[in-house]
Amino acid sequence: MLLQIPKVLDAGQVARCRQALERAEWVDGRATAGHQSEHVKHNMQVPEGHPVARELGDMILAALERNALFITAALPLKVYPPLFNRYQGGETYGTHIDGAIREVMRSRYRVRTDLSATLFLTSPEEYDGGELMIEGTDGLRRVKLPAGDMVLYPRNQPASGHAGDARRARLLVLLAAEHGAQQRATDDAARSRYRDPTTQSRRTGPARARPVDGALSQSFTSLVRHMSIAWRATVLRRLHLILGGVLSLPLAIIGLTGSVLIFEPQLQPGSVFASASVGPAQSYAAMVDAARAAAPKDFTPSAIFAPVVPGDLAQIRFSDPRRPGPGGVEVYLDPSILAVRGVVKPGEGWLREIFFLHANAGMRDRNGREIGGWLGVVMCVLAITGIVMQFPTRGRWRQAMVVQRGAQGYRLLRQLHGMIGFWFWLMLLMVSFSGVWLSFPQTFNALTANAGVRDLRPGVAAPKVTPVEGVIPVDIDGAVALAHAARPDLSLRTIGLPQRADQPYRMTLGEAHALPVIVFVDPWRRNIADLRDPHDYSLAERIVASMHALHDGSGFGWGWRVLVFISGLLPALFATSGIAMWLTKRRLDRATRHVQLTPIGAPGE
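In this text the structure is predicted, and so the values were computed from the model without any measurement.

A.B. asks: When you look at the overall build of the protein chain in this model, what are you seeing that I'm missing?
C.D. replies: Helix and strand content of the protein chain: 18 helices and 23 strands. Of the contacts made within the protein chain by residues no fewer than 6 positions apart, 69% connect residues no fewer than 24 positions apart. Total accessible area on the protein chain stands at roughly 30800 Å², and carbon and sulfur atoms take up 59% of it.

The structure is reproduced here in structure tokens:
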């Protein structure tokens, strides 16, 4: 059935509608769309509870009560309040089937709808395109009626609105009992608009009987499709909203503190010290002796950060042997004249507090590391569920990549949220997953060890050396000479000094933005105990070894560092836009609190 009902509204009433709609508030049409329809609905709509919507809705319903053709054709029991839609600037409402069950917001009412109706409020000559397209058993019908006319059609027929500049009112009708025999089968009424071949195929020849197994196969395929849609639209969406809403603040804090720590080398207090003098560098043993005077007496040297380019200061770290681990002091030294430029305590200051907030949930020890790790897991889940829900369907790629011109309010927030997620979900997932790995290194390394992947962390998997009685261990400069002899093509970056007799020297060599070559020097036998070259790593080992550089932005140059910095801002941005969308949705819900289902009877009642 496809019935045109002319002159539901006269010219004066149409003009009144047009004037009222000009001053009305317009929001994203997806505010009232279901989980499936929102993927294809791209138009503007007056909120259901808006005063203009109630005023014009009452006028239209009163006009329908007086229209004998509508009453005779539809035999309506109730009419759902009209929804006022606007299409402009290429907006569309893709192929869809109106929902079979409608819920009156902020009420306990749920009704079954049987017929759909579209009332045109813009004259055809005022816009190009904009046809209402309805698919029926007789093929595709294009409807573009004069202003004031209405078309009535079964609710379960696929329909779409093409691009144009038009205004329309949509109504849903619940039939009276007299029409019960004319209703279609329930399975046909419940079919999805998602390219279900049973609703969108157009057969031109006589119908042919299908084999039973073919019918079962098609039914199973349809069932799987509907389950997939329901999973994405219900389970994933609720999981995404609950996790993002409840944990938005801690996720935003972890992201923002991570963005600050990306530039920790530039923010270190040592960056303000005077540059080194021009001249050749002294020996590393002499540097340690000169720096020892500025360090606490009971501290021992544990690491040297070598100057890379002329003008760089050498950093000598001293640690408290009674409290192993991070902390201690770092002495900044002019490597040429052995003058102390400054002393810094890495375990103190605002940057260290930022680090504890980011990695340890604000705790001073590693007990909070697991909390940060689990928040990283949540961030991974949000990235995956977000892209699954936002992933564009065929022909909608451009809409996913940009914010459409003219978007505002709820629509702007939703498109901005989705666009940023579409472009940065993979980056966010990589940074979050690397953070999870760094929070649970023992767990992941135990898993990868079963696959033959070596644990290449220098501080954990360093080889042991055996002290030799009567032998004087090689000094720092001798160990450096052995490392350079093993890889003369690489520059020295750091020196890890042995803290016990069974520990080797640990040297890292190579470029600043690449995986380092690690050389372990046996101080007793004066040879190379182990040499770890990234070129000899398997692909899995290279990925594992890159986790720290992936997470803190120290690898792959400044471009990667900027991307990691941006990814740290994303949780706060997503939290802000998500909460704003939720508040906007609540405001729209409150506006529709007083919407009622309007009974409509035959003329003369």
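Picking up where we left off.
A.B. asks: Is there a simple way to explain the side chain of aspartate 334 in this structure?
C.D. replies: Among the structural elements, aspartate 334 can be located in the loop between strand 17 (329-333) and strand 18 (340-344). Side-chain polar atoms of aspartate 334 contact the side chain of arginine 341, separated by 2.8 Å. Once residues lying within four places of it in the same chain are set aside, the contact partners of aspartate 334 are Ser275, Ala276, Ser277, Leu313, Ala339 and Arg341.

A.B. asks: It is not clear to me how the packing of helix 13 (residues 409-439) against helix 14 (residues 441-449) should be interpreted in this structure. Could you clarify?
C.D. replies: Two packed helices can be described by the angle between their axes and the distance between those axes. At a closest axis distance of 5 Å, the pairing of helix 13 and helix 14 adopts a crossing angle of 95°. Here helix 14 runs roughly perpendicular to helix 13, going by the angle between their axes. Across the interface between the two elements, Phe433, Val436, Trp437, Leu438 and Ser439 of helix 13 pack against Pro441, Phe444, Asn445 and Thr448 of helix 14. Tallied by class, the residues present in the contact of helix 13 with helix 14 amount to six nonpolar, three polar and no charged.

A.B. asks: Even after reading the chapter, I still don't get the pattern of salt bridges, so can you show me in this structure?
C.D. replies: Once their charged atoms are close, side chains differing in charge can pair, the charge on each being opposite to the other. Summed over all chains, the structure comprises 14 salt bridges. We note a salt bridge from glutamate 55 to arginine 23, for which the minimum N-O separation is 3.8 Å. Of the two residues, glutamate 55 is situated in helix 2 (residues 51-65) and arginine 23 in the loop between helix 1 (11-22) and strand 2 (27-28); the sequence distance between them amounts to 32 residues. Here glutamate 55 falls in the partly exposed class, since its relative accessible area comes to 31%. Residue aspartate 320 pairs with arginine 322 through a salt bridge whose shortest N-O separation is 3.1 Å. The class of aspartate 320 is buried, set by a relative accessible area of 11%. By relative accessible area, which is 61% here, arginine 322 ends up exposed.

A.B. asks: Explanation requested: a nonpolar patch on the surface in the structure shown.
C.D. replies: A cluster of nonpolar residues, Leu249, Ile253 and Leu357, forms a patch on the protein surface that exposes about 250 Å² of accessible area. You can see leucine 357 is positioned in helix 10 (residues 350-359).

A.B. asks: Please explain the environment of phenylalanine 440 as it appears in this structure.
C.D. replies: As for its placement among the helices and strands, phenylalanine 440 is situated in the loop between helix 13 and helix 14. Considering only alpha carbons, one finds phenylalanine 440 and arginine 369, 71 residues apart in sequence, at a separation of 8.3 Å. If we ignore the near neighbours within four places in the chain, the residues touching phenylalanine 440 are Glu370, Gly373 and Trp374.

A.B. asks: Would you take a moment to explain the sheet that holds strand 21 (residues 517-522) for this structure?
C.D. replies: Either a parallel or an antiparallel arrangement is found when strands of a sheet pair, and the pairing is made through backbone hydrogen bonds. One open sheet accounts for eight strands, arranged 18-17-16-15-19-20-21-22; its pairing is antiparallel. Taken across any chain shown, the strands that pair with only one partner, and hence form the sheet edges, are strand 18 and strand 22 (527-532). For this sheet, the mean inter-axis angle between neighbouring strands, taken without regard to orientation, is 20°. Where strand 15 (residues 300-305) lies against strand 16 (residues 314-319), five bridges are found, and the strand directions are antiparallel.

A.B. asks: Explain the packing of aromatic side chains to me, please; I cannot follow it from the model alone.
C.D. replies: A ring pair, where both rings are aromatic, is described by two values, the distance of the centres and the angle of the planes. One pass over the structure, following the stated rule, counts 12 aromatic pairs. The rings of Phe391, Trp397, Phe422 and Trp423 are connected pair by pair, giving a single aromatic cluster. One cation-aromatic arrangement involves arginine 86 over tryptophan 26; the distance from NZ or CZ to the ring centre is 4.6 Å. Its end group placed over the ring of tryptophan 558, arginine 561 keeps NZ or CZ at 4.8 Å from the ring centre.

A.B. asks: Quick question: what am I supposed to make of the pairing of strand 17 here?
C.D. replies: Put simply, side chains in a regular strand alternate between the two faces of the sheet. Counting buried positions along strand 17 gives five out of five residues, so the element sits mostly inside the fold. Every second residue of strand 17 is oriented toward a common face, with Val329, Val331 and Leu333 on one face and Glu330 and Tyr332 on the other, all of them buried. Direction of pairing for strand 16 relative to strand 17: antiparallel, over a ladder of five bridges. Each bridged residue has a counterpart across the sheet, and for isoleucine 316 the counterpart in strand 17 is valine 331. Note that strand 17 and strand 18 share four bridges and pair antiparallel. Paired with tyrosine 332 across the strands is glycine 342, a residue of strand 18. Counting the residues that bridge the hairpin from strand 17 to strand 18 gives six residues, and of these leucine 338 lies at a positive phi of roughly 60°.

The rules behind the values
Residues numbered from 1 in each chain as written. Predicted model: local features only at pLDDT ≥ 70, side-chain atom pairs only at ≥ 80, totals over all residues. Heavy atoms only, no water. Helix = DSSP H or I, 4+ residues; strand = E, 2+ residues; numbered from the N terminus. Contact = heavy atoms within 4.5 Å. Areas by Shrake-Rupley, 256 points an atom, 1.4 Å probe, with all protein chains shown as cover. Polar contact = N/O pair within 3.5 Å; in protein donor to acceptor, adjacent residues only side chain to side chain. Axes fitted to C-alpha atoms, helices over the stretch in contact; angles between N-to-C directions. Parallel < 35°, antiparallel > 145°, perpendicular 65-115°, else oblique. Nonpolar A, V, L, I, M, F, W, Y, C, P; charged D, E, K, R; others polar. Salt bridge = Lys/Arg side-chain N within 4 Å of Asp/Glu carboxyl O. Buried < 20%, exposed > 50% of the residue type's maximum accessible area, 1.4 Å probe, protein only. Patch = residues over 30% accessible without salt bridge, like charges linked within 9 Å, V, L, I, M, F, W, Y side chains within 5 Å. Pairing = 2+ DSSP bridges. Phe/Tyr/Trp six-rings, centres within 6.5 Å; stacked < 30°, edge-to-face > 60°. Lys NZ or Arg CZ within 6 Å of the ring centre and 35° of its normal.

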